[in-house]
Amino acid sequence: MRRLIAVITFACLPMWSLAQDVPGEATVSGRVIDRNTRQPAPFVTVTVTDAASGATVTGALTDDSGRFVVSGLAEGRYVITSTFLGYLPVEADILIGDKNDIFNIGDIELVSASRDLEEVVVSARQEILEASMDRRVFSLEDIIAHGSGSLLDAMRGLPGITVEQDGKVLLRGSDRVAILVDGKQSSLTGFGNQSGLDSVPAANIESIEIINNPSARYDAAGMAGIINIVYARERDQGLHVDAGLTIGSGQLTKRKDDLPTEIGSYARNLKVIPNLNLVHNKENIQYFLQAEILFQEDIPNNEFTSRFYDDGRVIYSQVPENREQVHYVVNGGFDRSLDDYRTLTFSSIIDFETHTDVAQVPFIDGGTGELNRFWFWEEKEDTGFFNVNLDYVRRFEEPGHQYSLSFQYTRGWEDEAYFLNEISPVRIGTDATHLVAKENTLPVQIDYVRPLRSGRFEAGARLQNRWIPISYDVERGQNSVIYSGLGDWSEWGEDIYSGYMNYVHEKERYDVEAGIRIEQTDVYYDLPLQNIYYDQSDSYDYFKLYPNVRLTYNVNDLNRISVHYNNRVDRPGEPELRIFAKYDDPELLKVGNPYLRPQFTETFEIAYERLWDTGSIILSAYHRNIEDPFTRVFAIDPANQVYDIINRVYQNVGSGANTGFEFIATQDIGENWELSGSINWYDNVIDQDQVTLLFPVVRPFNVQRSQDNTWDAKLNNQFEFRNGLELQVSVVYYAEKNIAQGTQAARSSVDLGLSKPVMSDRGEIVASFVDIFNAFGLKQLISGDGFDAVYENYYETQVFSLGFNYQF
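My aim in this report is to walk through the structure given alongside it, one point at a time. (Residues numbered from 1 in each chain as written. Predicted model: local features only at pLDDT ≥ 70, side-chain atom pairs only at ≥ 80, totals over all residues. Heavy atoms only, no water.)

Section: unusual backbone geometry
With an omega of -5°, the peptide bond between Phe 695 and Pro 696 qualifies as cis. Mapped onto the fold, Pro 696 is located in the loop between strand E34 (689–693) and strand E35 (699–703). The backbone phi angle of Asn 479 is positive, close to 55°, even though this residue is not glycine. Structurally, Asn 479 is set in the loop between strand E22 (455–475) and strand E23 (489–506). For Asp 771, which is not glycine, the phi torsion reads 55° and is therefore positive. Within the element layout of this structure, Asp 771 appears in the loop between strand E41 (763–770) and strand E42 (778–784). The exposure class of Asp 771 is buried, given its relative accessible area of 0%. (Helix = DSSP H or I, 4+ residues; strand = E, 2+ residues; numbered from the N terminus. Buried < 20%, exposed > 50% of the residue type's maximum accessible area, 1.4 Å probe, protein only.)

Structural notes on the packing of aromatic side chains
Counting across every chain of the model gives 22 aromatic pairs. Where Phe 396 meets Tyr 403, the ring centres are 6.2 Å apart and the plane angle is 50°; that geometry is what we call tilted. Assessed through its relative accessible area of 27%, Tyr 403 is described here as partly exposed. Between Phe 804 and Tyr 806, the aromatic rings sit 6.4 Å apart at their centres with planes inclined by 20°, giving stacked as the arrangement. Given a relative accessible area of 32%, Phe 804 falls into the partly exposed group. Its end group placed over the ring of Phe 396, Arg 394 keeps NZ or CZ at 5.1 Å from the ring centre. (Phe/Tyr/Trp six-rings, centres within 6.5 Å; stacked < 30°, edge-to-face > 60°. Lys NZ or Arg CZ within 6 Å of the ring centre and 35° of its normal.)

A word on the sheet that holds strand E4 (residues 67–73)
On the basis of which strands lie adjacent, the open sheet formed by 3 strands has the order E4-E1-E7 and mixed pairing. Edge positions in the sheet fall to E4 and strand E7 (102–110), since each of these pairs with one other strand and no more. Across the sheet, the mean angle separating the axes of adjacent strands is 20° when strand polarity is ignored. Across 5 bridges, the pairing between strand E1 (residues 26–34) and E4 is antiparallel. Residue pairing in the sheet places Val 28 in a bridge with Val 70 of E4. (Pairing = 2+ DSSP bridges. Axes fitted to C-alpha atoms, helices over the stretch in contact; angles between N-to-C directions.)

With respect to the pairing of E23
One ladder, built from 17 bridges, connects E22 with E23; its direction is antiparallel. Opposite Arg 456, over in E23, you have Val 504 as the bridge partner. With 16 bridges connecting them, E23 and strand E24 (residues 510–526) associate as antiparallel partners. Within the sheet, the bridge partner assigned to Tyr 497 lies in E24 and is Gln 520. Here E23 hands over to E24 after 3 residues, the two strands then running antiparallel side by side.

Thoughts on the layout of surface pockets
Reported here for the second largest pocket is a volume of approximately 380 Å³. Lining the second largest pocket are 21 residues, and of these Phe 701, Asn 702, Gln 741, Gly 784 and Asp 785 lie nearest its centre. Taken together, the elements giving at least two residues each to the lining of the second largest pocket come down to strand E30 (630–636), E35 and E42. Here the lining of the second largest pocket gets 5 residues from one element, more than from any other, and that element is E35. Classifying every residue of the lining of the second largest pocket by side-chain character gives 11 nonpolar, 7 polar and 3 charged. (1 Å grid on protein atoms, 1.4 Å probe; cavity = no way out; pocket = protein on both sides within 12 Å on 5 of 7 lines; lining within 4 Å. Points joined across faces, edges and corners; volume = space filled by probe spheres on them. Nonpolar A, V, L, I, M, F, W, Y, C, P; charged D, E, K, R; others polar.)

Quick look at the environment of Ile 315
Within the secondary structure, Ile 315 sits in strand E17 (residues 314–337). Ignoring sequence-local partners within four residues, the contact set of Ile 315 consists of Thr 305, Ser 306, Arg 307, Tyr 309, Phe 363, Ile 364, Asp 365, Asn 372 and Glu 587. (Contact = heavy atoms within 4.5 Å.)

Describing a nonpolar patch on the surface
A surface patch of nonpolar side chains, amounting to about 560 Å² of accessible area, comprises Tyr 510, Leu 551, Tyr 553, Val 555, Ile 561, Val 563 and Ile 606. Only strand E25 (538–554) and strand E26 (559–570) provide two or more residues apiece to the nonpolar patch. Summarising the element assignment, Val 563 is placed in strand E26. By relative accessible area, which is 41% here, Val 563 ends up partly exposed. (Patch = residues over 30% accessible without salt bridge, like charges linked within 9 Å, V, L, I, M, F, W, Y side chains within 5 Å. Areas by Shrake-Rupley, 256 points an atom, 1.4 Å probe, with all protein chains shown as cover. Salt bridge = Lys/Arg side-chain N within 4 Å of Asp/Glu carboxyl O.)

Here we look at the side chain of Asn 559
Along the chain, the position of Asn 559 falls in strand E26. There is a polar contact of 3.3 Å between the side chain of Asn 559 and the side chain of Arg 610. Apart from the residues lying within four places of it in its own chain, the contact partners of Asn 559 are Tyr 553, Asn 554, Tyr 608, Glu 609 and Arg 610. (Polar contact = N/O pair within 3.5 Å; in protein donor to acceptor, adjacent residues only side chain to side chain.)

With respect to the sheet that holds strand E5 (residues 76–83)
Pairing is antiparallel in the open sheet, where 4 strands are placed in the order E3-E2-E5-E6. What marks the edges here is a single partner per strand, and that holds for strand E3 (56–61) and strand E6 (90–96). Averaged over all adjacent pairs, the angle separating strand axes in this sheet is 20°, with direction ignored.

Written out as structure tokens, the structure is:
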């Protein structure tokens, strides 16, 4: 009879209260027990009412173990009432804020109606799945100005993210950013670099998360923070298919006239990007597949260098790196629920790209206008990444209590062949190089999460092995420009052993997160005995602690203040370590440094957040101390007497610091206009340092102290019109800033986007025009020992595209 009455009572709740899980809303769970017997109480009616109005919001019945779950709760205060025939009703208050999306209120003890109500005890336990004070989430549905372009294009419009002209992603002025895909390192972005982001259509991405101060459970890499890319996944049952096609054209105008050659630099680059997103959801398993192909015919990477030597000579050169490219990205896998407590996930990404570059490189005497050298070359290159990821999650009865095991293997490769030619008074000759690099990464990780009375405890361990063998074959022609004595191979390797603990404690007015990550790192770099530039193979190891602390004070529901302390590391990757130079410009050679060391960063931050009905602001002040930062330096090769060579060599340069302020705001202006933007101002200090360059000859190098402030700003305007038409106008501005040995000029971009739903909202047309005025090119003014230089890189930033996406 009691069970029948309980079922009838529950059935009388308003039908709309039976809410399903809604993304971004909260779930509350708990257990009801008999206080006397300590046994679970099944079929108890649990109702959730709004604390302010008293209206019933949702409800549930407890199962045979006395447990209940209610979902779909928005932010606010609620009263959870448990009732059962013959027992006194029990109430428990709960506050749902914007930082947590799962709550466990613990055991609710029912007392017989014959006993005094004051003896009722409710043991409340609140579980925090994710503290979000440090996390900003941006939905790509709202970034229409870049919605028909690549993921990299979309990032350019987000507050707090800076995208350099060459594709590097920066947070608060630093490109030392760890980029994750679905919360994990991925072959899509490599390890220690950001390749692949320009080939993924923004249409396949659900959201982008920015984490400026990661906790100890994240890998310690990335001094500026973490960007997490979340792929779109349909959760409803059945087969879901989205497909799209984008056609565009880049480099509609040229920023600077070409120097005289037969082919110059390409323009009006045609782009064709088909994409597919497929999800099949069944009762206990989800299959997913995302695929995209990028075809480009005439990509320009246009580098100008003007050299002003102390003896009065002026040399102008241009490297018009013209490219034809095809790029494939496939991401697929499955999520399998083995039972109510165990989940197995398999995923894999294949990223393959092939291209051919051709260039004719003139060297013009600035005094006479005569052609001093004519250098021309062709490069054929295949690059790619492949990874497999296997995750096992074991959940316990208590919500949020679980452990997980993760295994991942990544294989990256680069197969690069250069055919170098010259016909000039300096030399007549032909050289060829063939480099093959293979990057292997094998991480294994275990993580454990345990809810506590007012928070959670996290712990885990990780073992990562990475090794990169390289082979380098040279066919030397007459008067070869290739440095001799390098050998024909190298191998770099790294083993990281790490563990972490992280503790979160939350109360209504404050929350604290503190953790520590412990890492032991062993590194080696083996070089052949034939190498004459580095006298021995290199190896080193270091043990490091990476603590983090976050304290948040909730002034009230609309205002909060947080304080952060964080430690991070940036390890040099294969491009920074490679000993084999690139010869696209024989007088400006780019080369790595096998003796490069990691850079370490200590960060302090205080942030204030203010919310109101139509907008919000976040104001942050931060300071970073940087130990052993590494960067490229420009230095003349004094050993070459035939012509001048400037080496761009990676080097650790002592120490540095950043102190800055970041302001991010959103505001609805009327019903149809949303305004958002950000300003990041910081003072950049590069300390004086005396270092020794080893390649191609040993020589001292002095880094002058430099201090200057700079800023960048973004302003996004989004307008909604009738029939679903949306317009977005974005303005991006990066002010002049100091760099090692000089300054980097200011630049800006104005972007426009339109979107219109069609075909009963199953289709969407998206048009965008990025960098309308072609003003986002990179320009650096360099002051070196014996020369000054102006380096300009006008890679394609101006792109018009038109896309169509359809949901089947």
